[in-house]
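Listed here are the chains, written in short residue letters.
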Amino acid sequence: MLDIILIILGTGVASYLLLYALNVFVVLFSSKDTSDAYYAINNRIARQEDLLKVENALTDSKKQKLQLKKTVKKEKLQLKKAVKSLTLVAEQGDADAQFNLGGMYTNGEGVPQDYKAAVKWFTLAAEQGHADAQYILGYMYNYGFDIPLDYKAAVKWYTLAAKQGYASAQNNLGKMYKNGEGVVQDDKVAVKWLTLAAQQGDSGSQSILGGMYMYGEGVVQDFALAHMWFSIASVNGDDEADEKRESLAAKMTSEDISKAQSMARECMESEYKNCGY
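Reading the values: the criteria
Residues numbered from 1 in each chain as written. Predicted model: local features only at pLDDT ≥ 70, side-chain atom pairs only at ≥ 80, totals over all residues. Heavy atoms only, no water. Helix = DSSP H or I, 4+ residues; strand = E, 2+ residues; numbered from the N terminus. Buried < 20%, exposed > 50% of the residue type's maximum accessible area, 1.4 Å probe, protein only. Contact = heavy atoms within 4.5 Å. Areas by Shrake-Rupley, 256 points an atom, 1.4 Å probe, with all protein chains shown as cover. Axes fitted to C-alpha atoms, helices over the stretch in contact; angles between N-to-C directions. Left-handed = near helix turned anticlockwise from the far one by under 90°. Core = buried A, V, L, I, M, F, W, Y, C linked by side-chain atoms within 4.5 Å. Arc of directions from axis to C-beta. Phe/Tyr/Trp six-rings, centres within 6.5 Å; stacked < 30°, edge-to-face > 60°. Disulfide = S-S within 2.5 Å. Salt bridge = Lys/Arg side-chain N within 4 Å of Asp/Glu carboxyl O.

When helices and strands are tallied, the protein shows 13 helices and zero strands. Helices and strands appear in the protein in the N-to-C order α-α-α-α-α-α-α-α-α-α-α-α-α. Relative to its full complement of 277 residues, the protein shows a buried share of 36%. In the protein, of all internal contacts separated by at least 6 residues, the share reaching a separation of at least 24 is 47%. Counting every atom, the protein has about 17,200 Å² of accessible surface; 54% of that belongs to carbon and sulfur.

Printed below as a string of structure tokens:
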């Protein structure tokens, strides 16, 4: 095998240059090692094929990245145009445009993120009775988004949205009355707002109500109603409600548990119109 290779390649400079041009590195062994030389050459070829595959993959990746950059650039341009159009409409007093513009400043879409500018546009929309804007403003003042915390302002805007039937506002308002944040602590008022939110399927409110009935906060203590609200909250996805219900069940008779389960079924089947006795 070695003799054949030497005959084909020759021993002159031209053969050496041919090997160099082809970028093939051949190690010439003694006749007993010709099989090792053969595998070395094949492995070299295999590595070159693998490198070619990687190179092609990288080329495709570069093309995809380039296309992605073009798409992102196009979307950013569209967002900037949207901001410009929304601003013109918002300045004319359109509440929906003001709300959407506030959202774009909040998320930094088409403009640099600017919570103060967001509050400005949300406020203009909220003052026109826009429930979504009222809720968002309440939330921003409640938790602070590059603006000072202001529980009284949060209560004000939550209340306006809650009176329009906004479940999330009712839930947060109920919690603020329960905790005495921005208002005088009042469990009875908390129960009122939490019940309204719970009757719209808000699982968080349902779970809190369960706890208030369990401990008699703002209501007469009632384990059956507490169990009912924990069960409903659990079905609606509240992760802690199931554990709370099981803990409560240990204090209840089997008859009371059966009654609570029946009330929970009736409450959900009636779409929260018949919840309780």
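There is more to say, and it comes next.
Where helix H6 (residues 131-143) contacts helix H8 (residues 167-179), the two axes come as close as 10 Å, and the packing angle between them is 35 degrees. In this structure, H6 meets H8 at a crossing whose hand is left-handed. Residues Tyr135, Tyr139 and Asn142 of H6 form the contact with H8, whose participating residues are Ser168, Ala169, Asn172 and Met176.

What follows concerns the nonpolar core. Counting 59 residues, the largest nonpolar core has Tyr141, Met228 and Trp229 as its most contacted members. Looking at this core element by element, the count peaks at eight residues for helix H5 (residues 115-126).

In this structure, Lys251 sits in the loop between helix H12 (241-249) and helix H13 (254-269). The exposure class assigned to Lys251 is exposed, which follows from its relative accessible area of 53%. Counting along the chain gives 28 residues from Lys251 to Phe223, while the straight-line C-alpha distance between them is 8.4 Å. For Lys251, the residues in contact, after removing those within four places along its chain, are Met214 and Phe223.

When we look at burial in H12, the residues that qualify are Ala241, Arg245, Leu248 and Ala249. Take H12 and look down its axis: the buried residues cluster within an arc of 100 degrees, on one side only. Looking at the buried residues of H12, the elements they touch are helix H10 (203-215), helix H11 (223-235) and H13.

What follows covers the packing of aromatic side chains. For the coordinates displayed, the defined rule picks out five aromatic pairs. Judged by centre distance (5.6 Å) and plane angle (45 degrees), the rings of Phe99 and Phe122 are tilted. Taken together, the positions of Phe99 in helix H4 (residues 95-107) and Phe122 in helix H5 put the pair 23 residues apart, joining distant regions of the chain. With centroids separated by 4.6 Å and ring planes inclined at 45 degrees, the aromatic side chains of Tyr139 and Tyr143 adopt a geometry described as tilted. Of the two residues, Tyr139 and Tyr143 are both situated in helix H6; the distance of four residues between them amounts to about one turn of the helix. By relative accessible area, Tyr143 is classed as partly exposed at 43%. Three or more aromatic residues joined by ring pairs form one cluster here, namely Tyr135, Tyr139, Tyr143, Tyr158 and Tyr166.

Residue position: Ala260 is located in helix H13. Classification of Ala260 by relative accessible area gives buried; the value is 0%. As a C-alpha pair, Ala260 and Met228 span 32 residues in sequence and 5.0 Å in three-dimensional space. Not counting residues up to four positions away in its chain, the partners in contact with Ala260 are Ala224, His227, Met228 and Met252.

On to the state of the cysteines. Evaluation of the coordinates by the stated rule reveals one disulfide. Through a disulfide, Cys267 is tied to Cys275; the S-S separation comes to 1.9 Å. Residues Cys267 and Cys275 are joined by a disulfide whose S-S torsion is about 70 degrees; by sign, that bridge is right-handed. Among the residues examined, Cys267 registers a relative accessible area of 0% and is labelled buried. Exposure remark for Cys275: the relative accessible area of 25% places this residue in the partly exposed category.

Counted according to the given criterion, the structure contains five salt bridges. Here Lys178 ties to Glu217 by a salt bridge, and the two come within 3.6 Å at their closest N and O atoms. On the criterion of sequence distance, the pair formed by Lys178 in helix H8 and Glu217 in the loop between H10 and H11 is long-range, its members being 39 residues apart. We classify Lys178 as partly exposed; its relative accessible area is 27%. Among the ionic pairs, Lys273 bridges to Glu271, the shortest N-O distance being 4.0 Å. Across the pair, exposure class does not vary: Lys273 and Glu271 are exposed alike. Linked through salt bridges whose partners overlap, the residues forming this network are Asp242, Arg245 and Glu246.

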